[in-house]
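Close look at the chain arrangement
Letter by letter, the chains look like this.
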Amino acid sequence: MPSRIAVARLWHEGNSFTPLLTRLADFQRREWQRGASAAEFYAGTRTELGAAVEFFRAHRGLTPIYLRCAAAGPGGAVDEGDLQAIIAEIIEGVRGANAEALYLSLHGALIGSHTLLADLGLLKAVRAALGARPLAVSFDLHANLDPAIARLADIIVGYKTHPHVDMYETGWKALELLHRALRGEITPVVAIAKAGAILPSFNMRTADGPMAEIEALAASRTGGNILDVTPFGGFAYGDTPAAGAAVAVTADGDRAAAELVAAALAKEMYQRRERFAVRLPAPEEVLPDLVRTKKPAAVLEPSDNPLSGGVGDSTGLFRALVKSGRSAVFAFFWDPELVARCEPRARMRVELGGRLSPTWGPAVALDVEVERVTDGWFRNAGPMERGLDVNLGRSAVLRAGNLRVIVTTACLAPNDPQYFRLHGIDLAAADLLCAKAKNHFRAAFGAVFDPIVEVDTPGPAAANLAALPFRNLPPGLL
């Protein structure tokens, strides 16, 4: 009789300093699947659940049971009522599935408006519902892991690339280890060691620098009875008692060996903590002297990057860009009310940004012509989340002289080529792109722009962590 494996997903990265809560509608807008529709939705995508679809096709002796699979883009804490409703549905599904094992796809930096350790709470409830049956969990590289999770999950696997281009491989490995456990080939156990530091993610790319060194050390320690070693950089803007970098190790039957490897690698991360800190220039320091090479230039504003919990509303970079008078594309502002008023070729005076917090800069007034209006739908071309459908909602391109500004209904980072094709923008012909983005931008555009410069401005994900009002961190992390 085929083994039944239940699959569920609750993926969200919570920024404690973003004023807007994430609601159920945000999950429903991005990923909200269950049953047969889940397999159809994720098939062909380079995601954890895309890997699950292919894994079960390749292993006919396994029967998948797709429970609630939900994901929302990074943002503020999840409304507590909505969070508990999603968790309750997952737990009910686990009980009802009566499966031999469970694969759970999580981010690891989930927070509720009241529940700070939401991933831990979910896993406790899952373990109670699942009993002693095997549980494999995958996490984002930026997970804030509580060490107690080690006693709840049998298998932990995390992304090992930043930008995250190995989501598919992560999901496949988690399921592969889970399958081996079901066949009795391995008896997996987990250890988690905290590094004792919050690491800003500005210098956390895995192609070079301190995180590349950590990933290489993790790979060198994987083998034999050490089944997986994943360093987690953590999410610096999640203000919880579990904040900070960590290492998770899955071993075959030897928890002591797993604990030794996790502790040693966590120490290596701590020793490199100062190398993760960066000083970013202000936009006024960059824009006057930025020269286009054979490729267009890009200036990124990580402090308002949606994939760090940004809200598409700060005006520091945009104000400097307008003052500079440079020819540029600006992506983007999140302003549903403004987009609703936009019609092609209409001329209007608008106020851009500054809707949500005066501390991130006042609105910038501009006379514009509406150049283009779209329905906001496209499919990612990758390499990150390739094949996943994206819905910006109604969006518009506004033109003011030699400046074009994208305004959207949904707050999503401009990290995919299809984002700009949707808006009729040929990036190769642009002189300058200014974008609310960060490291993930480089996955698709690292070879498109030269140079790519990051600047610091006021925002919910600013580089200066000491300026943020943390309240729940363990002492000594900052």
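Above this note sits the structure.
In short, a report on the structure. All of these numbers come straight from a predicted model, not from anything done at the bench.

**Things to note about the sheet that holds strand β11 (residues 328-334)**
Strand order in the open sheet formed by 8 strands is β12-β13-β16-β17-β11-β18-β10-β19, with mixed pairing between adjacent strands. Across the chains shown, the open sheet's two edge strands, defined by having one partner strand only, are β12 (347-352) and β19 (452-454). Taking each pair of neighbouring strands and ignoring which way they run, the sheet shows an average axis angle of 30°.

**Some remarks on the nonpolar core**
Membership of the largest hydrophobic core comes to 43 residues, with the highest contact counts inside it found for L10, L104, L122, L123, F139, I156 and I192. Those elements giving two or more residues to this core turn out to be β1 (3-11), β3 (62-71), α4 (80-97), β4 (101-106), α5 (118-130), β5 (135-139), β7 (188-194) and β9 (246-252). When sequence neighbours within four positions are dropped, the list of residues in contact with L10 reads F27, A70, L83, I86, I87, I90, S105, L106, H107, L110 and L122. Membership of the second largest hydrophobic core comes to 32 residues, among which are V286, C342, M348 and C434.

**So, the pairing of β3**
The element β3 is largely enclosed, with a buried count of 8 among its 10 residues. In this sheet, β3 lies alongside β1 in parallel orientation, the contact comprising 8 bridges. Pairing of L10 across the sheet is with A70, part of β3. Alignment of strand β2 (residues 31-33) against β3, held across 3 bridges, turns out to be antiparallel.

**Quick word on the sheet that holds β4**
The pairing of strands in a sheet comes from backbone hydrogen bonds and takes either a parallel or an antiparallel form. Read from one edge of the open sheet, 6 strands run β2-β3-β1-β4-β5-β6, paired in mixed fashion. The sheet is open, and its two borders are formed by β2 and β6 (155-158), each paired with just one other strand. Each strand axis lies, on average, 20° off the axis of its neighbour in the sheet, ignoring direction.

**A short note on the pairing of β5**
Along β5, 5 of the 5 residues are buried, which leaves the element largely enclosed by surrounding structure. By the alternation rule, side chains of β5 split into L135, V137 and F139 and A136 and S138, which are all buried. Two strands pair when backbone bridges link them, and β4 and β5 are joined in this way by 4 bridges, in the parallel orientation. Considered in β5, the bridge of S105 is made with S138.

Cut-offs applied
Residues numbered from 1 in each chain as written. Predicted model: local features only at pLDDT ≥ 70, side-chain atom pairs only at ≥ 80, totals over all residues. Heavy atoms only, no water. Pairing = 2+ DSSP bridges. Helix = DSSP H or I, 4+ residues; strand = E, 2+ residues; numbered from the N terminus. Axes fitted to C-alpha atoms, helices over the stretch in contact; angles between N-to-C directions. Core = buried A, V, L, I, M, F, W, Y, C linked by side-chain atoms within 4.5 Å. Buried < 20%, exposed > 50% of the residue type's maximum accessible area, 1.4 Å probe, protein only. Contact = heavy atoms within 4.5 Å.

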